[in-house]
Amino acid sequence: MLTLSRPNIPSTALPAMGDVLDSGMLVYGKQGLAFEAALKDFLGAKHVFLVSSGTAALHLSYLALGLERDDWVIVPDFTFPATSSAAHFANLRPFAVDVDPTTYTLDPDALEAALDNWSEDRRPRAIMVVHEFGAAAKMTHIREIARRHDLTVLEDAACAIGALDDNGLIGADSLAASFSFHPRKTLTTGEGGAIATNDDAMAQRIDRLRNHGIVRGPNGVDFPEAGLNYRLTDFQAALGLAQLPELSGWIETRRALARVYAEALAPLAKAGRITLPKALPGHSWQTHMIVLADGIDRAQVIAAMAERGYQCGLGAQSVTDLGLVKHHGPITVGPRLYHQGLALPFCESYTVEELRGCAEALCGVLGA
Ligand SMILES: *Cc1c(COP(=O)(O)O)cnc(C)c1O
């Protein structure tokens, strides 16, 4: 079975992890510091903090904003639910806005409309933009809208390490960009994540909150505020550090493989059976999701593809369709992507022939 994806662990990772186990420093040791420094270098960010998951990164960035209880934060409808659930656990109220049908990211016009028609008890304070599947949201436009409406912009870049927006690498110039190192992501530490920030005050709060609120002073450790334990272990950091030098090459390969799918699936797109994702130049292609035309039964397609040796699945969720998040007016694109989106097997270690085989199988299943 060609699975949806496969973690790609370089041979250098195992001895590095063994060294950590031998060292006795399993948390906050040399590998953690080295991975943090390497990520900072790679992203060109002022600060990077390793944490235990992408969800932990999101939770900390919401908490570090210091908003008031029940403040509203805008999220895109189509995402992994952790984007809005983490807001919930920071005592904030998420509010969903629809997304674009071919990039799957927040639609600036829908954002503008939601803000113009806002009718809640208080104005929204922040927006969590999602770079879904490694496709950058339209940051210049979104930041401009956010400035006019006095919204703070955070980024859920869980899928988007190494992806570029219209200003460069995502996370290079962020108030807080959250990354995930879950096995389904391009770089993985098993579980894990990181936050990149260019804001010194955010950095200080994030660094404390991930480590019990501890501050080190002349008298040892002090606890000026409550905190959490969202630290990453050092053997996980060694795993991430071993992959980081490969990342840019992997993303280049993914961009080339996305072109293979685009070409091999063109007949299906032309026949109106599927819609292809937009190939943004800075896309990192963490997931390759197409959208089936209305009326095609996705469960049947997934079963037929599995019979042919290809694991397909759904891409991400609609948080309003799930009933998790409030919205005004109709939200139509997110739910369609949730119900008709089809993630195809995709990974830098897959060959052109494997992907062509998958595309051929799909053409057979969908009859084109
Ligand atoms: C994977 C993902 C998360 C959650 O990351 P974890 O490391 O699994 O906690 C959050 N948001 C998005 C958009 C994701 O794709």
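Refer to the preceding data block for the structure.
The shown structure was predicted, so the numbers you read here are calculated from the model rather than taken from an experiment. (Residues numbered from 1 in each chain as written. Predicted model: local features only at pLDDT ≥ 70, side-chain atom pairs only at ≥ 80, totals over all residues. Heavy atoms only, no water.)

Participant: Would you take a moment to explain a nonpolar patch on the surface for this structure?
Facilitator: Judged by side-chain polarity, Leu-21, Leu-26, Val-27 and Tyr-28 come together as a nonpolar surface patch covering roughly 320 Å² of accessible area. Structurally, Leu-21 is set in helix 1 (residues 13–23). Residue Leu-21 is classed as exposed on the basis of its relative accessible area, which comes to 54%. (Patch = residues over 30% accessible without salt bridge, like charges linked within 9 Å, V, L, I, M, F, W, Y side chains within 5 Å. Areas by Shrake-Rupley, 256 points an atom, 1.4 Å probe, with all protein chains shown as cover. Salt bridge = Lys/Arg side-chain N within 4 Å of Asp/Glu carboxyl O. Helix = DSSP H or I, 4+ residues; strand = E, 2+ residues; numbered from the N terminus. Buried < 20%, exposed > 50% of the residue type's maximum accessible area, 1.4 Å probe, protein only.)

Participant: What am I meant to see in the environment of Gln-286 here?
Facilitator: Note on placement: Gln-286 falls in the loop between strand 13 (274–275) and strand 14 (288–292). Taking C-alpha positions, Gln-286 is 8.7 Å from Ala-135, a pair spaced 151 residues apart along the chain. Once residues lying within four places of it in the same chain are set aside, the contact partners of Gln-286 are Phe-133, Cys-159, Arg-184, Lys-185, Thr-186 and Arg-254. Polar side-chain contacts of Gln-286 include one of 2.9 Å to the backbone oxygen of Arg-184. (Contact = heavy atoms within 4.5 Å. Polar contact = N/O pair within 3.5 Å; in protein donor to acceptor, adjacent residues only side chain to side chain.)

Participant: How should the side chain of Glu-132 be read in this particular structure?
Facilitator: Along the chain, Glu-132 turns up in the loop between strand 5 (126–130) and helix 6 (139–148). It is Lys-185 that comes nearest to the buried, bridge-free Glu-132 among opposite-charge side chains, at 7.2 Å. Dropping the residues within four chain positions of it, Glu-132 is found in contact with Phe-78, Thr-79, Phe-80, Tyr-104, Thr-105 and Ala-316. (Lys, Arg positive; Asp, Glu negative; His and termini not counted.)

Participant: Would you take a moment to explain the state of the cysteines for this structure?
Facilitator: Here, the word disulfide means a covalent bond between the sulfur atoms of two cysteines. Applying the stated criterion across every chain yields a total of zero disulfides. Not engaged in a disulfide, the cysteine Cys-159 finds its nearest cysteine sulfur in Cys-347; these two sulfurs lie 14 Å apart. Residue Cys-159 is classed as buried on the basis of its relative accessible area of 11%. Cys-312 takes part in no disulfide bond, and the closest cysteine sulfur to it belongs to Cys-358, at a distance of 5.0 Å. (Disulfide = S-S within 2.5 Å.)

Participant: What is the right way to look at the site of the ligand in this model?
Facilitator: What surrounds the ligand is a group of 17 residues, the closest being Gly-54, Thr-55, Asp-156, Ser-180 and Lys-185. Gly-54 is positioned such that a nitrogen or oxygen atom in its backbone is 2.8 Å from an oxygen atom of the ligand. Within the contact set of the ligand, an oxygen atom lies 2.7 Å away from a side-chain nitrogen or oxygen of Ser-180. Burial of the ligand by the surrounding chains reaches 92%, relative to a free accessible area of 380 Å². Sorting the residues of the shell around the ligand by element identifies helix 3 (54–64) and helix 4 (82–88) as the ones contributing at least two each. Top element by residues in the shell around the ligand is helix 3. It accounts for three residues. A breakdown of the residues in the shell around the ligand according to their chemical character gives six nonpolar, eight polar and three charged. (Near = heavy atom within 4 Å. Nonpolar A, V, L, I, M, F, W, Y, C, P; charged D, E, K, R; others polar.)

Participant: Mind showing me how you'd approach the sheet that holds strand 14 here?
Facilitator: Backbone hydrogen bonds are what pair the strands of a sheet, in a parallel or an antiparallel way. As summarised here, the arrangement of the three strands in space is 13-14-16, forming an open sheet in which the pairing is antiparallel. Two strands close off the open sheet at either side, each with one partner strand: strand 13 and strand 16 (341–344). One ladder, built from two bridges, connects strand 13 with strand 14; its direction is antiparallel. Residue pairing across strands places Ile-274 opposite Leu-292, the latter belonging to strand 14. (Pairing = 2+ DSSP bridges.)

Participant: Which parts of the structure should I look at to understand the pattern of salt bridges?
Facilitator: Side chains bearing opposite charge may pair, as long as their charged atoms lie close to each other. Taken as a whole and judged by the stated rule, the model has 14 salt bridges. Where Arg-93 meets Asp-121, a salt bridge forms, and the shortest distance between an N and an O atom there is 3.1 Å. With a gap of 28 residues between them, Arg-93 in strand 4 (residues 93–97) and Asp-121 in the loop between helix 5 (108–116) and strand 5 connect regions that are remote in the sequence. Here Arg-93 falls in the partly exposed class, since its relative accessible area comes to 23%. Its salt-bridge partner being Glu-348, residue Arg-254 comes within 2.6 Å of it at the nearest N-O pair. Of this pair, Arg-254 sits in helix 8 (residues 234–264) while Glu-348 is found in the loop between strand 16 and helix 12 (352–366), placing the two residues 94 residues apart along the sequence. For the residue pair Arg-254 and Glu-348, the accessibility class agrees, reading buried in each case. Each of the salt bridges in this network shares a partner with another, and the network as a whole consists of Glu-36, Asp-207 and Arg-210.

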